[in-house]
Amino acid sequence: MIENILIEGLIYGMMVLGLFVTFRVLNFCDMTVDGSFPLGGCVLAACLTHGMAPSLAVGCAFLAGMIAGLCTTLIYTKLRIPDLLAGILMMTMLYSINLRIMGNHANVSFLKIPTTFSRLTAWVKATMPGFSPDWALVIFLVIIMIVVKLLLDLFFHTDLGLTMGALGSNEQMVISQSVNPSIVRGIGICIGDGLAALSGALAAMYSGFADVGSGTGVVVSGLASLMLGEFVLKSNKIGMQTLRVIIGSIIYRGLMYLGRRYGYAIGMTSNDLKLITGILIIICLIVSQKNVGGYLKDHLKRPAKSEGGKSC
């Protein structure tokens, strides 16, 4: 049970990292993720069926996600379409594109196609019979997640990363520094959708098939994971913020697993998982609003002081 939660939490945690870049850092409502997530699995399926190595296929999936993010950026910047609508339009178009990529098939099975996960599982069974293949996948995914997290942390410590963070907070300040906000925003959106596609490719390998409908509700579940992580760990340091994203993803997958396993006691089924996700987000929003309201209330009660130390 624990290993399955960790595997799903780490896989979908990469998608949540992408949402962190777009929604939190750039303050950009990118709904493209609902399309770029299955795009990663579809590109992976197309590459593997044509004999490409799994590692290269995963790289192509990441690149395809970045191209999807670039298209969203162009729709937003060049056509002057609002960010939310631009993401929805791209998400809608990606459904047909994903079908085309997989040869007009709604899903493609990897049952007879070797993947990185299947090869790792077979190797563990052959060399270490007493070791669980699921825990081997957990270790493998932890290594990948550490690499992705460290690269993301290093990026946000560069001048471009710092500019991206400033863009989400104050666009006019970035413009005043003679920096083109469209380019910086575009790079961030490409990174976010690339991570979403990478997550979709890994999810397809884990489930054993790629499906064009696998991205339905991914943004909502990602936001729920993002908010859960923010409640568990509060920090302004970028390293801790990316860490809490991963923690939130694991917690969310754990809650969903418990809902699937023990929900029957209160009459719940797997069809109610979307309802649970929506309720979780509403609760998170209510709690966060109360925290902000309480902070403002306490702050306003404090007497303002002048430079001399006297109340104004």
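Residues numbered from 1 in each chain as written. Predicted model: local features only at pLDDT ≥ 70, side-chain atom pairs only at ≥ 80, totals over all residues. Heavy atoms only, no water.

(A) Up close: the packing of helix H7 (residues 159-169) against helix H9 (residues 181-207). Across the interface, H7 lies against H9 with an axial gap of 10 Å and an inter-helix angle of 100°. Our classification of the angle between H7 and H9 gives roughly perpendicular. Across the interface between the two elements, Leu160, Thr163, Met164 and Leu167 of H7 pack against Pro181, Val184, Arg185, Ile187 and Gly188 of H9. Looking at side-chain class alone, the contact of H7 with H9 contains six nonpolar, two polar and one charged residues. (Axes fitted to C-alpha atoms, helices over the stretch in contact; angles between N-to-C directions. Helix = DSSP H or I, 4+ residues; strand = E, 2+ residues; numbered from the N terminus. Parallel < 35°, antiparallel > 145°, perpendicular 65-115°, else oblique. Contact = heavy atoms within 4.5 Å. Nonpolar A, V, L, I, M, F, W, Y, C, P; charged D, E, K, R; others polar.)

(B) Structural context of the nonpolar core. In this structure, Met15, Leu44, Phe110, Phe156 and Met164 are the most contacted members of the largest nonpolar core, which totals 82 residues. Here this core takes 12 residues from helix H1 (residues 2-25), the largest share from any one element. Ignoring anything within four residues of it in the chain, the contact list for leucine 44 reads Pro54, Ala57, Val58, Phe110, Ala201, Ala204 and Met205. (Core = buried A, V, L, I, M, F, W, Y, C linked by side-chain atoms within 4.5 Å. Buried < 20%, exposed > 50% of the residue type's maximum accessible area, 1.4 Å probe, protein only.)

(C) Representation of the confidence of the model for the protein. Model confidence for the protein is summarised by a mean pLDDT of 84, while 88% of its residues fall at 70 or above. Note on residues 292-297: pLDDT under 50 across the span, and zero contacts to partners over four residues away in sequence or across chains. The low-confidence segment residues 302-312 (pLDDT under 50) makes eight contacts with residues lying over four places distant or belonging to another chain. (pLDDT = per-residue confidence, 0-100.)

(D) Main features of the layout of surface pockets. Of the pockets and cavities examined, the largest pocket occupies roughly 700 Å³. As for the largest pocket, its lining consists of 30 residues, and the residues nearest its centre are Tyr12, Ser214, Thr216, Arg253 and Lys274. Looking at the lining of the largest pocket, the elements with two or more residues in it are H1, helix H2 (33-49), H9, strand E2 (209-211), helix H10 (218-232), helix H11 (238-262) and helix H12 (273-301). Sorting elements by how many residues they give to the lining of the largest pocket places H9 first, with five residues. Considered class by class, the residues forming the lining of the largest pocket number 14 nonpolar, 11 polar and five charged. (1 Å grid on protein atoms, 1.4 Å probe; cavity = no way out; pocket = protein on both sides within 12 Å on 5 of 7 lines; lining within 4 Å. Points joined across faces, edges and corners; volume = space filled by probe spheres on them.)

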